[in-house]
Amino acid sequence: MEINAKIYIAGHKGLVGSAIERVLKKEGFHNIIGRSHSELDLTDQTKVNDFFRKEKPEYVFLAAAKVGGIHANNTYPAEFIFSNLQIQNNIIDACHKFQAKKLVFLGSSCIYPKFAKQPMDEGQLLDGKLEPTNEPYAVAKIAGIVMCQSYNRQYGTNYISVMPTNLYGPGDNYHPENSHVLPALIRRFDEAKKQNLPEVVVWGTGKPLREFLYSDDMARACVFLMKNYDVTGDPKGGEHVNVGSGIEVSIRELAETVKEVVGYKGLLTFDLTKPDGTPRKLLDVSKLHKMGWKHQVELKQGIELAYGDFFANFSQSNK
């Protein structure tokens, strides 16, 4: 990836897109373009093609997506599958039409079967039934992987797919209903601290194990793979790559760490009448490690950075 190359980040204001922009700028890349949703509706193929025709980006990071937690996926399944299919179809096809040199497509670890063997390696894709609560989103992301592979096979393109674990960091979604577990915990502990509440209740036993990766580490992995992972000529179109820390933590340990970072002094309790969800969800990241990439930010440090961003930009306790 040449230092003067024109780079387009789709979703440059989101959690991962903004991190990719930060990482690229730190590495000296300066010809970076992005468009907000009000400037460019990525679900509109005509507008996407017009944008590519005019700007002709050479390298594309496809980080734009409609995302959310279990509640959002259950409540808006049609929106999740439609919007994500439209966005990725339009951008992947435009990359081909207007001859972008390379594309990085971002997916999600939810592409793997609900009862996948742990840790989950890349070969388990389409090896079983998906988790029903986020199936529409997962199906859309699987379609994106297959679409990249299909364009690579038919047109000789170099489109790679990366599947991240649970991500968090600056600019995360802290919505009380639609956020993921870590930003949700940050918000709840911050509000409990501000309101001097006696306890914070977390669903389930706290025993399920989850993996987390700081957003700037994810961005560094994307840039690394853009530079170093080439699938040109692969008769199968190139396998996707898992991106994660390779380290898992229990929900109890996660909640205790967030509590410590936020400085909440009340009780942490668990509602045993609520479901735990999948007992374990860990990506096998040995493929990426063999390429020479590993994460840099450990969990507690990342939570401290994320909470600093939340406190400065979202929390009412500093207003």
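Residues numbered from 1 in each chain as written. Predicted model: local features only at pLDDT ≥ 70, side-chain atom pairs only at ≥ 80, totals over all residues. Heavy atoms only, no water.

1. Focus: the overall build of the protein chain
Counting its secondary structure elements, the protein chain contains ten helices and twelve strands. A globule of 319 residues ought to have a C-alpha radius of gyration of about 20 Å, and the protein chain, at 20 Å, matches this closely. Dimensions of the protein chain along its principal axes, counting C-alpha atoms only, are 60 × 45 × 40 Å. Across the protein chain, every contact between residues at least 6 apart in sequence was considered, and the portion connecting residues at least 24 apart equals 81%. (Helix = DSSP H or I, 4+ residues; strand = E, 2+ residues; numbered from the N terminus. Rg over C-alpha atoms; globule rule 2.2 N^0.38 Å. Contact = heavy atoms within 4.5 Å.)

2. Topic: the UniProt feature "binding site: substrate" (unreviewed entry) in the protein chain
Per the UniProt record, the feature "binding site: substrate" (unreviewed entry) sits at Arg188, Trp203, Arg210 and Asp276. Turning to its location among the elements, tryptophan 203 is positioned in strand E7 (residues 199-203). Tryptophan 203 gets classed as exposed once you look at its relative accessible area, which sits at 53%. Ignoring sequence-local partners within four residues, the contact set of tryptophan 203 consists of Phe270, Asp271, Lys274 and Pro275. In this structure, arginine 210 sits in strand E8 (residues 209-214). (UniProt positions renumbered as here; feature names shortened; annotations may be inferred. Buried < 20%, exposed > 50% of the residue type's maximum accessible area, 1.4 Å probe, protein only.)

3. What to know about the environment of glycine 233
Among the structural elements, glycine 233 can be located in the loop between helix H7 (215-228) and strand E9 (241-243). Since its relative accessible area comes to 69%, glycine 233 is described here as exposed. When the C-alpha atoms of glycine 233 and glycine 156 are compared, they prove to be 6.6 Å apart, with 77 residues separating the residues in sequence.

4. A closer look at the domain arrangement of the protein chain
Along its sequence, the protein chain is organised into domain 1 (7-168 + 212-245 + 282-297) and domain 2 (181-207 + 248-279 + 305-315). The straight-line distance from the C-alpha centre of domain 1 to that of domain 2 is 29 Å. Each partner contributes to the interface: domain 1 provides seven residues, whereas domain 2 provides eight residues. A combined buried area of about 640 Å² lies between domain 1 and domain 2, and 79% of that area is made up of carbon and sulfur atoms. (Domains from an automatic or database assignment. Buried area = accessible area lost by both parts, 1.4 Å probe.)

5. Some words on the packing of helix H6 (residues 181-195) against helix H8 (residues 251-262)
Where H6 contacts H8, the axes come no closer than 9 Å and their chain directions differ by 45°. The angle between the axes of H6 and H8 places the two elements in the oblique class. In this structure, H6 crosses over H8, and the sense of that crossing is right-handed. Of the residues in H8, those in contact with Val181, Leu182, Leu185, Ile186, Phe189, Asp190 and Lys193 of H6 are Ile251, Leu254, Ala255, Val258, Lys259 and Val262. When grouped by side-chain class, the residues that make up the contact of H6 with H8 number ten nonpolar, no polar and three charged. (Axes fitted to C-alpha atoms, helices over the stretch in contact; angles between N-to-C directions. Parallel < 35°, antiparallel > 145°, perpendicular 65-115°, else oblique. Left-handed = near helix turned anticlockwise from the far one by under 90°. Nonpolar A, V, L, I, M, F, W, Y, C, P; charged D, E, K, R; others polar.)

6. Here we look at the packing of aromatic side chains
Within a pair of aromatic rings, the relevant descriptors are the distance that separates the centres and the angle that separates the planes. Per the stated rule, a full pass over the model turns up 13 aromatic pairs. An aromatic cluster is built from Tyr174, Tyr307, Phe310, Phe311 and Phe314, whose rings are joined through pairwise contacts. (Phe/Tyr/Trp six-rings, centres within 6.5 Å; stacked < 30°, edge-to-face > 60°.)

7. Some words on the pairing of E7
Of the two faces of E7, only the one carrying Val200 and Val202 is buried; Glu199, Val201 and Trp203 on the other face are not. With five bridges connecting them, E7 and strand E11 (residues 267-271) associate as parallel partners. Its bridge partner lying in E11, valine 200 is registered against leucine 268. (Pairing = 2+ DSSP bridges.)

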